[in-house]
Amino acid sequence: MLTQALTMLAYQLPELLAASLVLAMLRTRTRAGAPGRKLAVAGAAVVLVSTLLRLLAGFGQGWVLAYGMSSGGGSLGTWLALYSVVALLLSVASAVGLALVGWGALRAIAAADARTA
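So, how was this worked out
Residues numbered from 1 in each chain as written. Predicted model: local features only at pLDDT ≥ 70, side-chain atom pairs only at ≥ 80, totals over all residues. Heavy atoms only, no water. 1 Å grid on protein atoms, 1.4 Å probe; cavity = no way out; pocket = protein on both sides within 12 Å on 5 of 7 lines; lining within 4 Å. Points joined across faces, edges and corners; volume = space filled by probe spheres on them. Helix = DSSP H or I, 4+ residues; strand = E, 2+ residues; numbered from the N terminus. Nonpolar A, V, L, I, M, F, W, Y, C, P; charged D, E, K, R; others polar. Expected span 1.5 Å × (residues − 1). Bend = angle between axes of the 7 residues up to and from the residue. Buried < 20%, exposed > 50% of the residue type's maximum accessible area, 1.4 Å probe, protein only. Contact = heavy atoms within 4.5 Å. Axes fitted to C-alpha atoms, helices over the stretch in contact; angles between N-to-C directions. Parallel < 35°, antiparallel > 145°, perpendicular 65-115°, else oblique. Left-handed = near helix turned anticlockwise from the far one by under 90°. Salt bridge = Lys/Arg side-chain N within 4 Å of Asp/Glu carboxyl O.

J.: What is the right way to read the layout of surface pockets from this model?
T.: Unfilled space is identified by rolling a water-sized probe across the atoms. Here the largest pocket is characterised by a volume of approximately 160 Å³. As for the largest pocket, its lining consists of 14 residues, and the residues nearest its centre are Thr30, Pro35, Arg37, Gly104 and Ala108. Looking at the lining of the largest pocket, the elements that each hand over two or more residues are helix H2 (37-66) and helix H3 (76-116). In terms of residues, the lining of the largest pocket owes the most to one element, H3, which gives 6 residues. Across the lining of the largest pocket, the residue classes tally to 8 nonpolar, 3 polar and 3 charged.

J.: How should helix H1 (residues 2-29) be read in this particular structure?
T.: Given 3.6 residues to a turn, an α-helix orients residues that are three or four positions apart in the same direction. For H1, with 28 residues, the first-to-last C-alpha span of 38 Å sits near the 40 Å given by 1.5 Å per residue. Along its length, H1 reaches its greatest deviation from straightness, about 45°, at Gln12, and the proline Pro14 lies no more than four positions downstream. Every buried residue of H1 is accounted for by Met8, Gln12, Leu16, Ala19, Leu23 and Leu26. The inward-facing, buried residues of H1 contact H2 and H3.

J.: Explain the packing of H1 against H2 here, please?
T.: Two numbers describe a pair of packed helices, the interaxial angle and the distance between the axes. Packing of H1 against H2 brings their axes to within 9 Å, and their N-to-C directions diverge by 170°. The angle between H1 and H2 places the two elements in the roughly antiparallel class. H2 is crossed by H1, and the crossing has left-handed handedness. Per-class residue counts for the contact of H1 with H2 are 17 nonpolar, 6 polar and 4 charged.

J.: I keep staring at the pattern of salt bridges and nothing clicks. Help me out?
T.: Pairing between side chains of opposite charge can happen when the charged atoms of each approach one another. Counted by the stated rule, this structure contains 1 salt bridge. Residues Arg54 and Glu15 are paired through a salt bridge, measuring 3.0 Å at the closest nitrogen-oxygen approach. Here Glu15 lies in helix H1 and Arg54 lies in helix H2, a separation of 39 residues in the sequence. Classification of Glu15 by relative accessible area gives partly exposed; the value is 26%.

J.: Explain the packing of H2 against H3 to me, please; I cannot follow it from the model alone.
T.: Running from N to C, H2 and H3 point in directions that differ by 165°, and their axes come no closer than 7 Å. What the angle tells us is that H2 and H3 run roughly antiparallel. Taken as a pair, H2 and H3 cross one another with a handedness that is left-handed. Residue classes in the contact of H2 with H3 are distributed as 21 nonpolar, 8 polar and 2 charged.

On their own, these measurements won't tell you what the molecule is for.
Structure, rendered in structure tokens:
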């Protein structure tokens with residue numbers, strides 16, 4: 001079970017680190033009223049939360065596979081289908097978060113272009 005937990009963490013670690021780094025940079029290196037900052041912070045937070053939830057869902061899947069089915073509490077197919085739906089929804093949430101980061105960056109670029117023009 002420990003190796004599965006480490007494997008799940010290894011799969012999510014790059015996204016966790018990237019979202020955390022983006023949040024830290026946005027919080028420390030941009031001013032509070034900067035154009036697009038709120039969108040980018042919200043997007044990075046959505047990515048971070050969805051990645052953490054995907055990690056927890058992976059742990060839940062591993063637990064169901066390892067221990068939950070031995071008690072006879074439902075079919076394995078039902079649990080795996082439920083996990084697939086949850087993983088899909090969390091991936092969509094992560095994609096929405098990435099889109100928000102991009103939208104915030106576009107607003108910041110447009111504001112910078114307007115100042116230089």
